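Take a look at the letters that make up each chain.
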Amino acid sequence: MRDVDYDRARRRLSIRFAQGGWYSYSGVPPRVAAGLLAAPSLGRYFHARIRDRYPFRRQRARPG
């Protein structure tokens, strides 16, 4: 992961992966987003707690 943004009001987590694509995950609770940012391994946390658990959409650019 290269960049992570979280919109608390919309509960939307936006992640830019090393390959360059932005993905927005909807319905992510604040505690899950905070856990990602505090995790010693972002990749492990993402795979265990976010991937395949929240609906996502690929974005062409940083979501605004």
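All values derive from a computational prediction rather than experimental measurement. (Residues numbered from 1 in each chain as written. Predicted model: local features only at pLDDT ≥ 70, side-chain atom pairs only at ≥ 80, totals over all residues. Heavy atoms only, no water.)

*Asks:* Whenever I open this one, the packing of helix α1 (residues 30–38) against helix α2 (residues 42–49) confuses me. Can you help?
*Replies:* When two helices pack together, their arrangement is given by the angle between the helix axes and the distance between those axes. Following both chains from N to C, one finds α1 and α2 inclined at 155 degrees, their axes separated by 8 Å at the closest point. In terms of orientation, α1 lies roughly antiparallel with respect to α2. Only Leu 42, Tyr 45, Phe 46 and Arg 49 of α2 make contact with α1, whose side of the interface consists of Arg 31, Val 32, Gly 35 and Leu 36. Residue classes in the contact of α1 with α2 are distributed as five nonpolar, one polar and two charged. (Axes fitted to C-alpha atoms, helices over the stretch in contact; angles between N-to-C directions. Helix = DSSP H or I, 4+ residues; strand = E, 2+ residues; numbered from the N terminus. Parallel < 35°, antiparallel > 145°, perpendicular 65-115°, else oblique. Contact = heavy atoms within 4.5 Å. Nonpolar A, V, L, I, M, F, W, Y, C, P; charged D, E, K, R; others polar.)

*Asks:* Hey, could you run me through the environment of Arg 58 in this one?
*Replies:* Mapping Arg 58 onto the fold places it in strand β4 (residues 56–59). A C-alpha to C-alpha distance of 9.7 Å links Arg 58 and Ile 15, two positions 43 residues apart in sequence. In this structure Arg 58 touches Gly 21, Trp 22 and Tyr 23, once residues within four positions along its chain are discounted. At a separation of 3.3 Å, a polar atom in the side chain of Arg 58 contacts the side chain of Tyr 23. (Polar contact = N/O pair within 3.5 Å; in protein donor to acceptor, adjacent residues only side chain to side chain.)

*Asks:* Just checking my understanding: could you explain the side chain of Ser 24 for this structure?
*Replies:* Following the sequence through the fold, Ser 24 ends up in strand β3 (residues 22–26). Taking the relative accessible area as the measure of exposure, Ser 24 reaches 7% and is therefore buried. Only 3.3 Å separates the side chain of Ser 24 from the side chain of Ser 14, close enough to count as a polar contact. (Buried < 20%, exposed > 50% of the residue type's maximum accessible area, 1.4 Å probe, protein only.)

*Asks:* In this structure, what is going on with the pairing of strand β2 (residues 12–16)? I would like to understand it.
*Replies:* As a general feature of sheets, a regular strand has side chains that alternate between the two faces. As defined by bridge partners, strand β1 (residues 3–7) adjoins β2 across five bridges and the pair is classed as antiparallel. If you follow Asp 5 over to β2, its bridge partner there is Ser 14. Count of turn residues in the β1/β2 antiparallel hairpin: four residues, of which Arg 11 carries a positive phi of about 55 degrees. Bridge count between β2 and β3: five bridges; the pairing is antiparallel. (Pairing = 2+ DSSP bridges.)

*Asks:* Hey, could you run me through the pattern of salt bridges in this one?
*Replies:* Pairing between side chains of opposite charge can happen when their charged atoms approach one another. Across all of its chains, the model carries one salt bridge by this definition. When the shortest N-O distance is used, the salt bridge between Asp 7 and Arg 10 registers 3.8 Å. The class for Arg 10 is exposed, based on a relative accessible area of 52%. (Salt bridge = Lys/Arg side-chain N within 4 Å of Asp/Glu carboxyl O.)

*Asks:* Hey, could you run me through unusual backbone geometry in this one?
*Replies:* A negative phi angle characterises most non-glycine residues, just as the trans form characterises most peptide bonds. In this structure, Arg 11 is a non-glycine residue whose phi angle is positive, near 55 degrees. Along the chain, Arg 11 turns up in the loop between β1 and β2. On the basis of relative accessibility, which here comes to 36%, the residue Arg 11 falls in the partly exposed class.

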